[in-house]
Amino acid sequence: MFYNLLKYVLLGPLLRLVFRPRIEGLEHVPASGPAIVAGNHLSFSDHFLMPAVLKRRITFLAKAEYFTGPGLKGRLTAAFFRSAGQIPVDRSGKDAGQAAIREGLGVLGKDELLGIYPEGTRSHDGRLYKGKVGVAVMALRAGVPVVPCAMIGTFEAQPPGRKLPRVRPVTIRFGEPLDFSRYAGMENEKAILRAVTDEIMYAILSLSGQEYVDRYAADVKAAQAAEEERSKRPFRRLPLS
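Let me begin by describing the structure that accompanies this report. (Residues numbered from 1 in each chain as written. Predicted model: local features only at pLDDT ≥ 70, side-chain atom pairs only at ≥ 80, totals over all residues. Heavy atoms only, no water.)

### What to know about the overall build of the protein chain
(1) Moving on: Along the backbone of the protein chain there are nine helices and nine strands.
(2) Moving on: Sequence separation of 24 or more characterises 79% of the internal contacts of the protein chain that already satisfy a separation of 6 or more.
(3) Moving on: Summed over its atoms, the accessible surface of the protein chain is roughly 13,100 Å², and 56% of this surface lies on carbon and sulfur atoms. (Helix = DSSP H or I, 4+ residues; strand = E, 2+ residues; numbered from the N terminus. Contact = heavy atoms within 4.5 Å. Areas by Shrake-Rupley, 256 points an atom, 1.4 Å probe, with all protein chains shown as cover.)

Right, here's the structure in full:
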């Protein structure tokens with residue numbers, strides 16, 4: 001009930017006013033039955049813009065940190081995300097991927113829409129990064145179509161680190177559903193999972209027009225953070241012999 005209140009009364013109208021979203025290809029999202037909507041991830045606002053324009057309810061797998069913040073602010077944030085249909089997923093540890101897959105399959109098992117960002121994290125520079133194979137595992141195990149989606153303009157409206165979005169139009173573009181039934185029963189073959197994931201990412205790329213980077217976004221972020229940390233260290237002058 002609160003989901004509909006957010007979508008139609010509290011948050012949805014505000015998002016439409018701020019972003020003035022242009023929606024393309026909405027007819028590609030199945031009107032019923034389970035499906036995965038796989039999109040690029042450029043902004044914190046993506047979590048709420050896509051649900052605001054879809055006719056059906058969609059559930060996203062969200063990082064657990066949104067649900068575990070301290071104090072009153074943390075509790076309010078957690079309550080908000082749960083009310084908005086988000087499911088917390090712990091992305092740390094060796095079993096993190098399996099937990100996400102388990103939760104995602106549970107959503108699809110109820111004939112619902114599952115939203116997922118195959119990159120695994122927000123793009124820090126507006127480029128599209130290599131997708132993780134969890135989306136392929138879920139698509140093959142559940143036997144459901146994958147609808148590619150491109151968020152366009154949300155990075156400029158609210159890039160990482162910006163708390164309040166700029167008032168500017170964005171585009172949300174949905175592509176034709178991808179059918180992977182030809183790979184049924186092959187969800188344990190690494191080469192197949194990689195091929196399926198790459199096909200999904202190529203479809204997102206074709207819709208978004210982003211520059212593609214064949215590396216995981218998390219790895220690139222970690223490497224840049226390490227380089228920045230090294231650059232902050234004071235220069236040590238070697239003693240003269």
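### Some thoughts on helix α6 (residues 134–142)
(1) Moving on: Restricting attention to buried positions, one finds in α6 the residues V135, A136, V137, M138, A139 and L140.
(2) Moving on: Looking at the residues trailing α6, positive phi occurs at G143, about 65 degrees. (Buried < 20%, exposed > 50% of the residue type's maximum accessible area, 1.4 Å probe, protein only.)

### Digging into the sheet that holds strand β7 (residues 146–152)
(1) Moving on: Within the open sheet, the seven strands sit side by side as β1-β8-β7-β2-β5-β3-β4. Their pairing is mixed. Edge positions in the sheet fall to β1 (22–24) and β4 (86–89), since each has one partner strand and no second. The mean inter-strand angle of the sheet, taken between neighbouring strand axes irrespective of direction, is 25 degrees.
(2) Moving on: Docked against the sheet, α6 engages β2 (35–39), β5 (113–116) and β7, running at close to 165 degrees with respect to β2. (Pairing = 2+ DSSP bridges. Axes fitted to C-alpha atoms, helices over the stretch in contact; angles between N-to-C directions.)

### A look at the pairing of strand β3 (residues 58–63)
(1) Moving on: In terms of burial, β3 is largely enclosed, as five of its six residues are buried.
(2) Moving on: Pairing of β3 with β4 involves four bridges; the strand directions are parallel. Residue A62 lies in a different strand from β4, and its bridge partner there is P88.

### Regarding the nonpolar core
(1) Moving on: I36, V146, F180 and I200 are the most contacted members of the largest nonpolar core, which totals 30 residues.
(2) Moving on: Ranked by residues supplied to this core, first place goes to helix α8 (residues 190–208) with seven residues.
(3) Moving on: V37, F67, L113 and V170 belong to the second-largest nonpolar core, a separate cluster that totals 27 residues. (Core = buried A, V, L, I, M, F, W, Y, C linked by side-chain atoms within 4.5 Å.)

### Comments concerning the packing of α6 against α8
(1) Moving on: Their axes nearest at 8 Å, the elements α6 and α8 cross at an angle of 105 degrees. In this view, α6 runs roughly perpendicular relative to α8, as classed from their interaxial angle. Taking contact as the criterion, the partners of V135, A136, V137 and L140 in α6 are, on α8, I192, L193, V196, T197 and I200.
(2) Moving on: Class assignment for the residues of the contact of α6 with α8 results in eight nonpolar, one polar and no charged. (Parallel < 35°, antiparallel > 145°, perpendicular 65-115°, else oblique. Nonpolar A, V, L, I, M, F, W, Y, C, P; charged D, E, K, R; others polar.)

It is worth stressing that arrangement in space is one thing and function is another; only the former is reported here.
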